[in-house]
Amino acid sequence: MQDFFTVEAKEDPIETAYTWQWQQLPRIWKRWLIALSEHPGTLLEMISMVCDAPERSGPALRLFELFEGEKTDKFADAITAFEIAGFVQSNPHGRILNPRSLSFIQRIRQSDNPLADALFTEQGQTISLQVSLLICESLRRLLVHIDNSPNPTISQHLLLNRRTWAQQLEQLWSNGEHRAFLETLNQLSAFLQQNQLAPELSAWCLELLLRSPALDAVQDSQVAYMVAWLRLASSALSTPEAGQQPLFSQAADLWRNWLEQQIPGSAEQPDPCLHNCCKYLQQYYRIQQDWAALRRVCTTALNEYTAFEIWPAVVQELFSLAESSFKLNENDTGIGYEQQILEQLPFDQLPQGYKSQLMIRLISNRISRTATVLAQELLDQLRAEPEAEKLASLTDMLQADIYFQSERVEAAAELYEKILSEEKNTNPEHRQYLESQLSKCKKALDS
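Residues numbered from 1 in each chain as written. Predicted model: local features only at pLDDT ≥ 70, side-chain atom pairs only at ≥ 80, totals over all residues. Heavy atoms only, no water.

Undergrad: How would you summarise the overall build of the protein if you had to cite specific residues and measurements?
TA: Of regular secondary structure, the protein possesses 23 helices and two strands. At 29 Å, the protein has a C-alpha radius of gyration far larger than the 22 Å of a compact globule built from 447 residues. Overall, the C-alpha framework of the protein stretches about 95 × 55 × 45 Å when taken along its three principal axes. A fraction of 64% describes how many contacts in the protein between residues 6 or more apart in sequence connect residues 24 or more apart. (Helix = DSSP H or I, 4+ residues; strand = E, 2+ residues; numbered from the N terminus. Rg over C-alpha atoms; globule rule 2.2 N^0.38 Å. Contact = heavy atoms within 4.5 Å.)

Given below as structure tokens:
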């Protein structure tokens, strides 16, 4: 070692140290270092979680085979070797490749470097895709883990490195790995939404779609691709710029024509394409305020979910059908859908209190459209439910809103004051609403 440093004394000492350490590493760990160096911020433990599973499979297995590893090789041993050689930076939440070593490793990868590995010249694209698949699988497992056992430090690390995860997803998308793309996008979307980053995700989805070939036909044989496209498009529709993009209207025509050819409930299990198609079209028609088209899509979705007894989805479609009917000034039809929510669900098979929750939602909707007589009728029914006593504060507030809307201002004011006096620890937004309503009542009484 002393001779090595004497020979290389004119070189940068850090570069010299890395070169010497590199030459001591087994070839398989060198290959892993090169492969992971393009993905800084990836926690090495999350890679180990997949690679060192009892049954190694998928991209982990393929990479160990490409790197000519043995079945007994463990990625945990690689982390130890990397750390001893100075290629790892340890943090409280886990270990990553040392940022100071990345430029050295990247130079090793260049084909004209004496230390270069011909494998990366010959199969670089294959390795790159398998690494992205591995990182996405590792990310999915880690997200499930922190959802079950929250760890703010790891969550913060994942958020700070979300550009890296986006790059992996783009690699999967462009290489046709749509199933893995979709599974990862679903997990990552939930995580980002929990951290108030849904707008950023929607902007990325729109940008990815705009860089991709336009969808010119629905391909029934490529279910994963179709569902992934619909998921991207549904998210992208949330962006302010979406309305200016012709791709959404063109896609809506394609998917509407496809949906009209489907027979809801005819398959042995729920159709993921039909579900995501309905979700996309519903979102698109809401933006366009095309309530008649929205109602047609909701009817198809309702038939699908009813056939498979997916009751929460049935409820959502009935609410949407009622809403679109009211928008079309077909009030009797809308009320009919509301009645279906209360009368056609198997509440004995659903969680206790579920019917009361739906009644509260319906009462609120009726108040918002000033259907006070119908709201009062349903509120009286709610008070007869087994959970009514537990919901006393909420039913009082609904009653106060009905009184206020019916111009029974004095009765409304009394109830608002009663709720405020009883709920000292209510959340600030709720309290602000109550105080605002009480103020309106007092102004009306003073005038």
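Undergrad: Which residues make up the nonpolar core, and what values do they have?
TA: Within the largest apolar cluster, 135 residues are counted, with the highest numbers of intra-cluster contacts made by Trp 32, Trp 229, Phe 248 and Trp 255. No other element matches helix α8 (residues 118-148), which puts 13 residues into this core. Apart from residues lying up to four places away in sequence, Trp 32 is in contact with Ile 47, Cys 51, Leu 63, Phe 64, Phe 67, Phe 75, Phe 82 and Leu 134. Counting 13 residues, the second largest nonpolar core, distinct from the first, contains Met 397, Tyr 416, Ile 419 and Cys 441. (Core = buried A, V, L, I, M, F, W, Y, C linked by side-chain atoms within 4.5 Å. Buried < 20%, exposed > 50% of the residue type's maximum accessible area, 1.4 Å probe, protein only.)

Undergrad: Please set out unusual backbone geometry residue by residue, giving values where relevant.
TA: Even without being glycine, Gln 289 reaches a positive phi, approximately 55°. Position of Gln 289 among the secondary structure elements: in the loop between α15 (272-288) and α16 (291-307). On the basis of relative accessible area, Gln 289 is assigned to the exposed category, the value being 55%.

Undergrad: Describe the pattern of salt bridges, listing the residues and the values that go with them.
TA: Applying the stated criterion across every chain, the model contains 22 salt bridges. For Arg 27, the salt bridge goes to Glu 68, with nearest N and O atoms at 2.4 Å. Here Glu 68 lies in the loop between α5 (58-66) and α6 (75-84) and Arg 27 lies in helix α3 (residues 27-36), a separation of 41 residues in the sequence. Overall, the relative accessible area of 47% leaves Arg 27 in the partly exposed class. By relative accessible area, which is 49% here, Glu 68 ends up partly exposed. The partner of Arg 256 in a salt bridge is Glu 260, and the shortest N-O contact between them spans 3.9 Å. Of this pair, Arg 256 and Glu 260 both sit in helix α14 (residues 246-260), four residues apart, which is roughly one turn of the helix. When salt bridges with common partners are traced through the structure, they connect Glu 45, Glu 83 and Arg 95 into a single cluster. (Salt bridge = Lys/Arg side-chain N within 4 Å of Asp/Glu carboxyl O.)

Undergrad: Tell me about the pairing of strand β1 (residues 88-91), residues and numbers included.
TA: The pairing of β1 with strand β2 (residues 94-97) spans four bridges and is antiparallel. When the bridges of β2 are listed, Val 88 appears paired with Leu 97. The antiparallel pairing of β1 with β2 creates a hairpin that spans two residues between the two strands. (Pairing = 2+ DSSP bridges.)

Undergrad: Talk me through α3; I want residue IDs and the actual numbers.
TA: With nine of ten residues buried, α3 is to be regarded as a mostly interior element. For α3, the set of buried residues is Ile 28, Trp 29, Lys 30, Arg 31, Trp 32, Leu 33, Ile 34, Ala 35 and Leu 36.

Undergrad: Requested: an account of the layout of surface pockets, with residues and values cited.
TA: Roughly 270 Å³ of volume is contained in the largest pocket. Elements represented by at least two residues in the lining of the largest pocket include exactly α10 (162-174), α11 (178-194) and α12 (198-210). Broken down by element, the residue count for the lining of the largest pocket peaks at six residues, all from α10. By residue class, the composition of the lining of the largest pocket is six nonpolar, one polar and four charged. Its volume calculated, the second largest pocket comes out at about 220 Å³. Taken together, Cys 51, Ala 53, Pro 54, Glu 55, Arg 56, Leu 61, Phe 64, Glu 65, Gly 69, Glu 70, Lys 71 and Lys 74 make up the lining of the second largest pocket. With three residues, the top contributor of residues to the lining of the second largest pocket is α5. Here the lining of the second largest pocket is composed, by residue class, of five nonpolar, one polar and six charged. (1 Å grid on protein atoms, 1.4 Å probe; cavity = no way out; pocket = protein on both sides within 12 Å on 5 of 7 lines; lining within 4 Å. Points joined across faces, edges and corners; volume = space filled by probe spheres on them. Nonpolar A, V, L, I, M, F, W, Y, C, P; charged D, E, K, R; others polar.)

Undergrad: Go over the packing of α14 against α15, please, and point to the residues and values.
TA: Following both chains from N to C, one finds α14 and α15 inclined at 135°, their axes separated by 10 Å at the closest point. If you check the angle between α14 and α15, you find them oblique. Seen from above, α14 lies across α15 with left-handed handedness. Contacts from Phe 248, Ser 249, Ala 251, Ala 252, Trp 255, Arg 256, Trp 258 and Leu 259 in α14 reach Cys 273, Leu 274, Cys 277, Cys 278, Tyr 280, Leu 281, Tyr 284 and Tyr 285 in α15. When grouped by side-chain class, the residues that make up the contact of α14 with α15 number 14 nonpolar, one polar and one charged. (Axes fitted to C-alpha atoms, helices over the stretch in contact; angles between N-to-C directions. Parallel < 35°, antiparallel > 145°, perpendicular 65-115°, else oblique. Left-handed = near helix turned anticlockwise from the far one by under 90°.)

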